[in-house]
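Tertiary structure, described
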Amino acid sequence: MSGDGRPPMRLRPLLDGRAQDAGVPPRIGSDVWVGDQVLIGGGTAIGDGAILDHHVILESDVLFGRRSLACYRAQICAGSIVGERCVIGGFIGERSTIGDNCRVFGALVHRHPRHWGGWDDDNEMADGPTLEAGVFVAFGAVLVGKITIGVNAYVGANAVVTQDVPPGNTIGPAQVWGCRR
């Protein structure tokens, strides 16, 4: 037990055997609802009035906005930022940024172009997508790499997006947008 009576935080070891620093405990705002079997990583901050539905995962150093909802077993990975009044029901990869009033049910993932590099190496850490305010990402859509999805854009179900999307633009269901190498 730690000095405050809580069990110590445990993080998985890195692939090369190094231990990870558990950092600071999570900060949970007022009137936050936390469901069963929710995992909250060290350094994560959850805004007032947020709802974390059952089986949600917020990894370390996540900023989760006021009055936002994480549902459908959402996973929000390390270093990501979720704005206020969002609904997250998908996979949010490391270091992704989501503006206010967004709805995300697809996957936001970073690129890993040096696939031969070490998974936990600091120089392999890439940023994920950025969603500006009011973006909707439907189920099955995948947004890849350090791209920006403009204000009020809509990404349809099963679309694949690899380049920036202008504000207000609609990417249709199962459409491929961009083809970066």
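Below is a summary of the structure that appears in this document.

Cut-offs applied
- Residues numbered from 1 in each chain as written.
- Predicted model: local features only at pLDDT ≥ 70, side-chain atom pairs only at ≥ 80, totals over all residues.
- Heavy atoms only, no water.
- Pairing = 2+ DSSP bridges.
- Helix = DSSP H or I, 4+ residues; strand = E, 2+ residues; numbered from the N terminus.
- Salt bridge = Lys/Arg side-chain N within 4 Å of Asp/Glu carboxyl O.
- Buried < 20%, exposed > 50% of the residue type's maximum accessible area, 1.4 Å probe, protein only.
- Contact = heavy atoms within 4.5 Å.
- Polar contact = N/O pair within 3.5 Å; in protein donor to acceptor, adjacent residues only side chain to side chain.

1. Thoughts on the sheet that holds strand β13 (residues 97–98)
- Here we have seven strands laid out as an open sheet, ordered β1-β4-β7-β10-β13-β16-β19, and parallel in their pairing. In the strand order of this sheet, the two ends are held by β1 (27–28) and β19 (148–149), each with one partner.

2. What to know about the environment of G156
- Position of G156 among the secondary structure elements: in the loop between β20 (154–155) and β21 (160–161).
- Sequence-wise, G156 and F139 are 17 residues apart; in three dimensions their C-alpha atoms are separated by 7.7 Å.

3. Digging into the pattern of salt bridges
- Inspection of the entire model under this criterion finds four salt bridges.
- Between R85 and E84 there is a salt bridge; the shortest N-O distance is 2.9 Å.
- Residues K146 and D127 are paired through a salt bridge, measuring 3.6 Å at the closest nitrogen-oxygen approach. Pair noted here: K146 is in the loop between β18 (142–144) and β19 and D127 is in the loop between β15 (107–109) and β16 (130–131), with a separation of 19 residues, a long-range link.
- Note on D127: relative accessible area 34%, which makes it partly exposed.

4. Looking at the environment of G23
- Structurally, G23 is set in the segment before β1.
- The class for G23 is partly exposed, based on a relative accessible area of 45%.
- For the pair G23 and G43, spaced 20 residues apart in sequence, the C-alpha to C-alpha distance is 6.2 Å.

5. A look at the environment of R66
- Looking at where R66 falls in the secondary structure, it is placed in the loop between β7 (63–64) and β8 (69–70).
- Along the primary structure R66 and S30 are separated by 36 residues, whereas in three dimensions their C-alpha atoms are 9.7 Å apart.
- When sequence neighbours within four positions are dropped, the list of residues in contact with R66 reads G47, D48, E84 and R85.
- Among the polar contacts made by the side chain of R66, one reaches the side chain of E84 at a distance of 3.1 Å.

6. Details of the side chain of T44
- In this fold, T44 is placed in the loop between β3 (39–40) and β4 (45–46).
- Within the structure, T44 has its side chain in polar contact with the backbone nitrogen of V62 (distance 3.2 Å).
- In this structure, T44 is in contact with P26, R27, L58, E59, S60, D61 and V62, ignoring residues within four places of it in sequence.

7. What about the sheet that holds strand β22 (residues 170–171)?
- Read across the sheet, eight strands follow the order β2-β5-β8-β11-β14-β17-β20-β22 without closing on themselves; strand pairing throughout is parallel. The open sheet has two free edges, formed respectively by β2 (33–34) and β22, since each of these has just one partner strand.
- Summarising the sheet, β2 and strand β5 (residues 51–52) pair through two bridges and their orientation is parallel. Bridge pairing links W33 to I51 in β5.

In short, geometric facts, not functional conclusions.
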